[in-house]
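Each chain, letter by letter, is given below.
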Amino acid sequence: MLTILIDGLTYASWLFIVALGLTLVFGVLKILNIAHGSFYALGAYAAASFVGWASAMKWAPGYTLVAMLLAAVAVAALVAPLTERGLLRFFYGRDEVLLVLVTYAMFLVMEDGTKLLWGANPYYVSEPYGLFGNIDIGTQTYVGYDFALVALAVVVGLAVWWWLNRTQQGKIMIAVIHSSEIASSMGVNVSRVYMLAFSVGIFLAALGGAFTAPMISVQPGVSVGVIIVSFAVVIIGGLGSIEGAAIGALIVGLARAMAVHLAPVAELFSIYVVMAVVLMFRPEGLFQRIQARKI
């Protein structure tokens, strides 16, 4: 059971970071961003490039973590303004189905874009994975990086909560979430808030990809599975809720870990079964929309 718990927490940690960005974008912009997994993939590819560059420059191994953080920042700084200002803002207020189709088109374009930039061969970011050594718990040995990833998820979740609830920018964003029209009439630059929220959401997706890169093979198609499980998390937890994203990620992570260890053939179905059960009794997710809108 301890192995299932640790594996579930590890899986839930990076998934929470990614899903948090997805639910934040929905909470503010009311967009179901199908391309969110592609930003995760961009973060992973950028981390592979930045870590490779850091190794070539003979940086100390510990600085590879800084390189991965810089990779996520670079993705958000370069891609978010181009995407939000150059495309999405022209579709605000339009039919929600149209916005879904637009983000799906973005997903297809970015999938081919990553192949053009990085090719079809897989990348491996092995240097950071051994930084924290191994940890013995009972008779089992675990990689310390997994626990560092759990700590990162906790820090990110608390930081986003503090930013939204304890800073002026965050409170302005909550006002826009409640009513963008009233916020605009009170002098709030709603367009700037949209840009900020989208940038933070993309940064979180890229951050999840960057810090997951040492644990996976970074290759074409990595974004597809991520967006599916991310949507499962926000659907289970409730769209637009930080608490829902955390609980949803834990449920998905533990369900997957139990399936892997107890019934491997059911791994592909375990997440969908949990999601179906939740929707049967709570169609709005575990956290109701009115709670979710408060984020």
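Nothing here was measured: the structure is a model prediction, and the numbers come from that model.

Some remarks on the overall build of the protein
Helices and strands together make up the secondary structure of the protein, namely 12 helices and 2 strands. N-terminal to C-terminal, the α/β element order of the protein is α-α-α-α-β-β-α-α-α-α-α-α-α-α. In terms of overall size, the protein behaves like a compact globule, its C-alpha atoms giving a radius of gyration of 19 Å where 295 residues would be expected to give roughly 19 Å. When each of the 295 residues of the protein is scored for burial, the buried share is 47%. A separation threshold of at least 6 residues defines the contact pool for the protein, and within that pool the share at least 24 residues apart is 78%.

Notes on the nonpolar core
Formed by 86 residues in total, the largest nonpolar core has its most connected members in Trp 14, Val 28, Phe 39, Leu 164, Met 173 and Phe 198. In contact with Trp 14, not counting residues within four places along its chain, are Tyr 40, Leu 149, Thr 212 and Val 226.

Quick notes on the packing of aromatic side chains
Applying the stated criterion across every chain yields a total of 12 aromatic pairs. Ring centres of Trp 14 and Tyr 40 lie 5.7 Å apart, and the angle between their planes is 40°; on these two criteria the pair is classed as tilted. Of this pair, Trp 14 sits in helix H1 (residues 2-29) while Tyr 40 sits in helix H2 (residues 36-56), and the two are 26 residues apart along the sequence. For the residue pair Trp 14 and Tyr 40, the accessibility class agrees, reading buried in each case. Judged by centre distance (5.0 Å) and plane angle (70°), the rings of Tyr 92 and Tyr 194 are edge-to-face. Of this pair, Tyr 92 sits in the loop between helix H3 (63-86) and helix H4 (96-118) while Tyr 194 is found in helix H8 (residues 190-212), placing the two residues 102 residues apart along the sequence.

Some points on H1
An ideal rise of 1.5 Å per residue puts 40 Å on 28 residues; H1 measures up with 40 Å between its terminal C-alpha atoms. Along H1, the helix axis deviates most sharply at Phe 16, where the bend reaches about 25°. Of all 28 residues in H1, 23 are buried; the element is thus mostly enclosed. Of the residues flanking the end of H1, it is Lys 30, one or two places downstream, whose phi is positive at about 60°.

Definitions and cut-offs
Residues numbered from 1 in each chain as written. Predicted model: local features only at pLDDT ≥ 70, side-chain atom pairs only at ≥ 80, totals over all residues. Heavy atoms only, no water. Helix = DSSP H or I, 4+ residues; strand = E, 2+ residues; numbered from the N terminus. Rg over C-alpha atoms; globule rule 2.2 N^0.38 Å. Buried < 20%, exposed > 50% of the residue type's maximum accessible area, 1.4 Å probe, protein only. Contact = heavy atoms within 4.5 Å. Core = buried A, V, L, I, M, F, W, Y, C linked by side-chain atoms within 4.5 Å. Phe/Tyr/Trp six-rings, centres within 6.5 Å; stacked < 30°, edge-to-face > 60°. Expected span 1.5 Å × (residues − 1). Bend = angle between axes of the 7 residues up to and from the residue.

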